[in-house]
Amino acid sequence: MTRSRHVLVPFGTRPEVVKLAPVVAALVAAGHRVDVVDTGQHADAAMASQLQEALGLTPTHRFTLPAEPASARTGALHADAATALARFRPDVVLALGDTNTVPAYALAARGAGVPFAHVEAGLRSYNMRSVEEVNRRVAAAIAQLHLAPTARAADSLRREGVPAERVFVVGNPVIDTLVARGVTPVPVAERRGVLVTAHRPTNVDDPVRLARLVAVVRGLADQVGPVTFPVHPRTTARLAAAGLGGALEHPGIRLTGPVDHDTLMAALRSSQLAVTDSGGIQEEAAHLGVPVVVLRSSTPRWEGVEAGTTTLAGLTDDGAAQAVLTAAAAHTSAAGQARAAALPCPYGDGTTGTQIAAILADERTDALLELTEPDFTDGRLPW
């Protein structure tokens, strides 16, 4: 026997739209009732409503957050989450990833006595200065269902004490989106140049690290090949403030503003290398057989590092640019290109949405979703 559940799916950022669109489509196709909430974290049309329309993710309701200060935005996000739970009264809340939307809706779900399911469960960077890492761990503490993208992520949860029966390895739904849209690898011989993306506050808000980023981009253009750099609005503002915008004027560097997902994927699949501080691009590059240099000192996505197709190279010291260029040279060698192209993608096969829908439809999931109060009045101890 199967179940049809009422699922509330919140999202607030561009990566969540890309990854949740196929999950919502699969839930609806399986007969679940779904309400989708745009939490308002990204208000820019290019990063919000236009992408939602392109991927077919239509919110049931949109919230608008205050522009500033950050404390007001956080408070409104949590208040809106409680409002959404009271309005829609779902059977389960399902959220993805590590943005501030996730703990807000996880806590609201627990407050309303509604079970919570976490997609991308178990990713760990082990960087406790990272807000995203804290958000992931909050989600893990609250979730009844942990929908992990990989076996390594599942193992992280088990080592933290999550019962094995609550952990399901389902892949990452970003691969569903690529498969559905027909985004396939380009033959190695037809690839050229480097795709660069950078937007993390740790990289672009510090003028010293930002200058190192500029040196990296120029070095890639000089030593590897033409660079395509879709510049995030945050990065554009920081470059201007630091007086570094002109430093990226180079015949081998093509700067653009934010691009839509299809355009970004076209650039990625045609590149020999991605140099990025994005998590999603690491997954998408693996599907496309493109090696990656991550502009960070740790990553929640260790599978590429273990496979040798991803190199960590944070902008933490004056040797950063050379470390990136050394890694880039290895990855763009004939051997490096062949290795990345030959390895299977560790992040999923394009069936994550249907797997999640099936797990929620399974009557055996009823017991996992129950929120019960323990009774130790008979003298038993919980340990």
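Here the structure is shown first, and the text comes after it.
Residues numbered from 1 in each chain as written. Predicted model: local features only at pLDDT ≥ 70, side-chain atom pairs only at ≥ 80, totals over all residues. Heavy atoms only, no water.

Colleague: Sorry, what's going on with the overall build of the protein chain here?
Modeller: When you go through the protein chain residue by residue, the secondary structure sums to 17 helices and 13 strands. Taking the principal axes of its C-alpha atoms as reference, the protein chain extends roughly 70 × 45 × 45 Å. Taking the average location of the 34 positive side-chain charges in the protein chain and that of its 38 negative ones, the two points are 2 Å from each other. (Helix = DSSP H or I, 4+ residues; strand = E, 2+ residues; numbered from the N terminus. Lys, Arg positive; Asp, Glu negative; His and termini not counted. Charge placed at Lys NZ, Arg CZ, Asp CG, Glu CD.)

Colleague: Mind showing me how you'd approach the sheet that holds strand β9 (residues 227-230) here?
Modeller: Hydrogen bonds between backbone groups are what pair the strands of a sheet, and the pairing can be parallel or antiparallel. Strand order in this open sheet of 6 strands is β10-β9-β8-β11-β12-β13, and the pairing throughout is parallel. The open sheet has two free edges, formed respectively by β10 (253-256) and β13 (310-312), since each of these has just one partner strand. Each neighbouring strand pair of the sheet contributes to a mean axis angle of 15°, computed without reference to strand direction. Of the strands in this sheet, β8 (194-197), β9, β10 and β11 (273-276) touch helix α9 (residues 207-223), which is tilted by about 150° from β9. Packed onto the sheet, helix α14 (residues 320-331) meets β11, β12 (292-294) and β13 and runs at close to 165° relative to β12. (Pairing = 2+ DSSP bridges. Axes fitted to C-alpha atoms, helices over the stretch in contact; angles between N-to-C directions. Contact = heavy atoms within 4.5 Å.)

Colleague: Please clarify how the packing of α9 against α14 should be interpreted in this entry.
Modeller: When two helices pack together, their arrangement is captured by the angle between the axes and the distance separating the axes. Orientation of α9 relative to α14, taken along the N-to-C sense of each, is 35°, at an axis distance of 9 Å. Classified by chirality, the crossing of α14 by α9 is right-handed. The segment α9 lies against α14, with Arg212, Ala215, Val216, Gly219, Leu220 and Gln223 engaging Ala320, Ala321, Val324, Leu325 and Ala328. (Left-handed = near helix turned anticlockwise from the far one by under 90°.)

Colleague: How do you make sense of the side chain of Gln337 when you look at a structure like this?
Modeller: Mapped onto the elements, Gln337 comes out in helix α15 (residues 334-342). By relative accessible area, which is 3% here, Gln337 ends up buried. When near neighbours in sequence (up to four residues on either side) are disregarded, Gln337 contacts Val188, Arg191, Gln272, Pro291, His331 and Thr332. (Buried < 20%, exposed > 50% of the residue type's maximum accessible area, 1.4 Å probe, protein only.)

Colleague: Even after reading the chapter, I still don't get the layout of surface pockets, so can you show me in this structure?
Modeller: Over the atoms rolls a probe the size of a water molecule, and its path tells where empty space is left. Of the pockets and cavities examined, the second largest pocket occupies roughly 160 Å³. Lining of the second largest pocket is provided by 17 residues; of these, Ala286, Gly304, Thr309, Pro344 and Pro346 occupy positions nearest its centre. Those elements giving two or more residues to the lining of the second largest pocket turn out to be α12 (279-288) and α13 (303-307). Each residue belonging to the lining of the second largest pocket can be placed in one class, and the counts come to 11 nonpolar, 5 polar and 1 charged. (1 Å grid on protein atoms, 1.4 Å probe; cavity = no way out; pocket = protein on both sides within 12 Å on 5 of 7 lines; lining within 4 Å. Points joined across faces, edges and corners; volume = space filled by probe spheres on them. Nonpolar A, V, L, I, M, F, W, Y, C, P; charged D, E, K, R; others polar.)

Colleague: How should the environment of Val216 be read in this particular structure?
Modeller: Within the element layout of this structure, Val216 appears in helix α9. The class of Val216 is buried, set by a relative accessible area of 1%.

Colleague: Explanation requested: the nonpolar core in the structure shown.
Modeller: Soluble, globular proteins show a tendency: their nonpolar side chains are buried together. Counting 48 residues, the largest nonpolar core has Val9, Leu27, Leu94, Leu147, Leu268 and Ile356 as the members making the most contacts within it. When residues in this core are grouped by element, the largest group, 8 residues, is from helix α1 (residues 14-29). In contact with Leu268, not counting residues within four places along its chain, are Leu195, Ala274, Ile281, Glu284, Ala285, Leu288 and Val290. Grouped together as the second largest cluster of nonpolar side chains are 30 residues, Ala198, Val227, Val231 and Leu315 included. (Core = buried A, V, L, I, M, F, W, Y, C linked by side-chain atoms within 4.5 Å.)

Colleague: Sorry, what's going on with α1 here?
Modeller: Helical geometry: 3.6 residues make up each α-helical turn, so side chains three or four residues apart lie on a common side. Its 16 residues give α1 an end-to-end C-alpha distance of 23 Å, which sits within 8% of 22 Å, the value for a rise of 1.5 Å per residue. Taken across its 16 residues, α1 has 12 buried, putting it largely inside the fold. (Expected span 1.5 Å × (residues − 1).)

Colleague: Sorry if this is basic, but what is going on with the packing of helix α7 (residues 173-180) against α12 here?
Modeller: For the pair α7 and α12, interaxial distance at closest approach is 10 Å and the crossing angle is 50°. By the angle between their axes, α7 is oblique relative to α12. Considering how the two elements wind past one another, α7 and α12 form a crossing that is right-handed. Contacts between α7 and α12 involve Val174, Ile175, Leu178 and Val179 on the former and, on the latter, Glu283, Glu284 and His287. Looking at side-chain class alone, the contact of α7 with α12 contains 4 nonpolar, 1 polar and 2 charged residues. (Parallel < 35°, antiparallel > 145°, perpendicular 65-115°, else oblique.)

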